[in-house]
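# Per-entry structural report
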Amino acid sequence: MFETTLRIDLLGHLRIRLEQQEIKLGPARQQAILAVLADHLGRVVPRDELIHSVWGASPPASVDGNVHTYISGLRRVLEPERARWSGGEVLLSEPPGYRLRLPPHSIDLATFHDLRDRASERRTAGDHEGVVQRLDSALALWRGEAFGGLPGPFAERRRAELSEERLAVVEQRLESLLALGEHSDLVPELEALVQEHPLRESLWETLITALHRAGRRMEALERIAHLRGVLREHLGVEPGTAIRLLHHQLLAGDPALATPEPNVRRRSKPGLLSVIPEGVTRPQLAGRELETARLRSCIRDLETRRGRSVLVEGDAGIGKSALLSAVLASIEPRCHHLAWAVAEKSCLEPLGALSRALGMESDVSITMNDVLKRVEQLCANASLVLVIDDLHLADDASLLVWDQLCLATRSLPVLMMATARSDVDSSAFARLRRGIATRDDVIMPLRPLSRAASCQLIHQVVGMPPGPALHALTTNALGNPLVLRQTIAMLLRDNAIRAEGGAVDLHGDGGVGSAERALAASMTARLDRLSHDALETLRAAAVLGQRFTTSELAAVVGRWPSQLLDVLDEALRAKVLAHVGQSLTFAHPAQRRALYDGTPLDMLPPLHRRAARSLADSGAPVERVCDQLAAVSDGQLDSWVVEWLVSHDDELTACAPLPVFWVLNQALDTCPADHPHRGVLVATRARFLCQFGT
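Residues numbered from 1 in each chain as written. Predicted model: local features only at pLDDT ≥ 70, side-chain atom pairs only at ≥ 80, totals over all residues. Heavy atoms only, no water.

## A few points about the overall build of the protein
Tallying secondary structure elements over the protein gives 30 helices and 17 strands in all. A burial count over the protein gives 49% of its 694 residues as buried. In the form shown here, the protein has an accessible surface area of approximately 32,600 Å², with 52% of it arising from carbon and sulfur atoms. (Helix = DSSP H or I, 4+ residues; strand = E, 2+ residues; numbered from the N terminus. Buried < 20%, exposed > 50% of the residue type's maximum accessible area, 1.4 Å probe, protein only. Areas by Shrake-Rupley, 256 points an atom, 1.4 Å probe, with all protein chains shown as cover.)

## Examining the sheet that holds strand S2 (residues 15–18)
Read from one edge of the open sheet, three strands run S1-S2-S3, paired in antiparallel fashion. Since the sheet does not close on itself, it has two edges, and those belong to strand S1 (6–9) and strand S3 (21–23), each with one partner. Pairs of neighbouring strands in the sheet enclose a mean axial angle of 30°, with direction left out of account. Pairing between S2 and S3: three bridges, direction antiparallel. By the bridge assignment, Arg-17 is partnered in S3 with Glu-22. (Pairing = 2+ DSSP bridges. Axes fitted to C-alpha atoms, helices over the stretch in contact; angles between N-to-C directions.)

## Structural notes on helix H11 (residues 289–301)
The first and last C-alpha atoms of H11 sit 18 Å apart over 13 residues, in line with the 18 Å expected at 1.5 Å per residue. In terms of residue burial, H11 counts as a mostly covered element, since 10 of its 13 residues are buried. Looking at H11, one finds that the buried residues are Glu-291, Thr-292, Ala-293, Leu-295, Arg-296, Ser-297, Cys-298, Ile-299, Arg-300 and Asp-301. (Expected span 1.5 Å × (residues − 1).)

## Describing the pattern of salt bridges
Under the criterion given, the structure shown has 28 salt bridges. Across the pair Asp-9 and Arg-17 runs a salt bridge, and its minimum N-O distance is 3.1 Å. For the pair shown, Asp-9 and Arg-17 are each scored as buried. The shortest N-O distance in the salt bridge between Arg-223 and Glu-219 comes to 3.9 Å. With Arg-223 and Glu-219 both in helix H9 (residues 217–234), this residue pair falls four residues apart, about one helical turn. Exposure remark for Arg-223: the relative accessible area of 17% places this residue in the buried category. (Salt bridge = Lys/Arg side-chain N within 4 Å of Asp/Glu carboxyl O.)

## Details of the sheet that holds strand S16 (residues 577–580)
Taken together, three strands build an open sheet; the order of strands is S15-S17-S16 and the sheet is antiparallel. Taken across any chain shown, the strands that pair with only one partner, and hence form the sheet edges, are strand S15 (547–548) and S16. For S16 and strand S17 (residues 583–586), the ladder comprises four bridges, and the chain directions are antiparallel. Bridge pairing in S17 places Ala-578 opposite Thr-585.

## With respect to the packing of aromatic side chains
Applying the stated criterion across every chain, the model contains four aromatic pairs. Consider the rings of Phe-112 and Trp-142, whose centres lie 5.6 Å apart with planes at 75°: the pair is edge-to-face. Of this pair, Phe-112 sits in helix H4 (residues 108–124) while Trp-142 sits in the loop between helix H5 (128–139) and helix H6 (153–179), placing them 30 residues apart in sequence. We classify Phe-112 as buried; its relative accessible area is 0%. Note on Phe-548 and Phe-586: the rings are 5.9 Å apart at their centroids and 55° apart in plane angle, and the pair reads as tilted. In this pair, Phe-548 sits in strand S15 while Phe-586 sits in strand S17, placing the two residues 38 residues apart along the sequence. Looking at Arg-166, its charged tip hangs above the ring of Trp-142, at a distance of 5.9 Å from the centre. (Phe/Tyr/Trp six-rings, centres within 6.5 Å; stacked < 30°, edge-to-face > 60°. Lys NZ or Arg CZ within 6 Å of the ring centre and 35° of its normal.)

## Description of the environment of Leu-553
Structurally, the position occupied by Leu-553 is in helix H22 (residues 550–557). Separated by 11 residues in sequence, Leu-553 and Leu-564 place their C-alpha atoms 8.7 Å apart. If we ignore the near neighbours within four places in the chain, the residues touching Leu-553 are Thr-537, Ala-540, Ala-541, Leu-544, Phe-548, Leu-564 and Leu-568. (Contact = heavy atoms within 4.5 Å.)

The analysis is restricted to geometry; functional conclusions fall outside its scope.
Dropping the structure here:
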């Protein structure tokens, strides 16, 4: 039978893995053709249908040749060892079109549908535990929007259809969790979903039921009133039969709404370990539904004694620890050991975080073998969830043991969960990360929050949705939850926001100013993480302005561009700088301003002089050079400036007048009376006086 290790993932941006290695897919329409064939796996897709799916109703005249080129390209991608003129075994030409020949489990979408169907069978059998387990696994397959980024009407239609399918699966999972008596844990997730889908009455029904069972009957009734207002405003209709019946049951105290009996199959196991760091709470998450579902799926896999390793990584403040706290709060304490600690850079004990998590006596004599034996002992009577927050701060011995335990998850029921910063500069940690990636475990990068999720976070913090000005603030916070929380906390402290018309917003010009100051304070805190060399280099970059090139910066600091790679990489990883085309820019203007203001005053004039010369030599716009020269506060201009002003005489009139006039005055003050170009400078200044009246 034909077998392959080829995997095609459609539930997100299109991805192909061959022998667990991701491979490049080529042009967007070539990818779109593959997506159409994968979605029709095992069936012949007629050539005309393929063309319409990718190019729509008006394909170009060259479309036949394009299809041939893309099919040839896909064959090279899918079967790199195939002889040039052979027909191949994966992508077949069969009249009247093409067929993709792969086992069903090679496509993540097929696996998603299989898990959904198996969950439906368990639902019919009354096994809600089995339903949740299978649906968690199904949702964990999603990496983003299905068919993400692919062109053509077919991909557009499938994105909408599969989004609806996924939401239906989310609803089925929530209904089964509700049947298992987990109503209290479901409320935050349901609140987020009804905000995202305010017209979906079935989600409101589940939320209202969960609130009632959690003893929050008045809130449940308030949600019904709110839903009625939403439906009237947007659709001009009243709630449907199910919501009206639920309303009647709530008012009547119908016992049918009572909490179901707990799941009797969940049994407590003796001697379970539970080590949780002090101060850990269950936070409300904004967004992160896909990440939460995937992590919960990993936890549920432990019930079948299937272990694995998960690394959650991202910027400081992006919500890594909050995500773990929210997910781990739902762990069934009677089923698993929970060993959880935070790694600390100041810890001098080898294996310190691991030994604390595993409940071992603190002792410098603890060896790696002791830790491995402790894990084996715990796994003898129950599965183990081992969590290290800030793993990048752990000592090298801990990282080595972590790597060995990741390998042990193939035979032991251990779920390894860790968080780490994405800007780590450690060879030991880099080796560990490569090992996790090679073994096809889970590396979960946390991206910045979307604007919708940022607004949801503000709603959670202040209890009301944000108005227009606060909504705009979410963009400046760069999708970072910590920055956003700190900014809102400062605004609340300064009484800079107020509620009006069902929303909360900045209060007048003072509120806008407070918002800018609060956001700047949060953003400039990132500078504290930089090395001395990086800070000094960025001070010179701040002199150049908000945007600059590596060559310009190298000229200002007197180093080769190649010598700046390490410090620029550090700044990029710390999210102080960002790439914009071939240039670099400060991630936030407040960061540049803080660096500039922190530069000693006696250092600024020579930096501005060097910046002006480097910009002039590189052919930068005249206005940029003049801005640098005008910033030379000691009034001392180098001898090259006179020659430069004369050679750019005509261009100067197009610049802002004040910097140019200041530079001309300074140049004349330093230019000898017998200088051959003094007359040109005098004439240029006179022309400026006539033109601008300066």
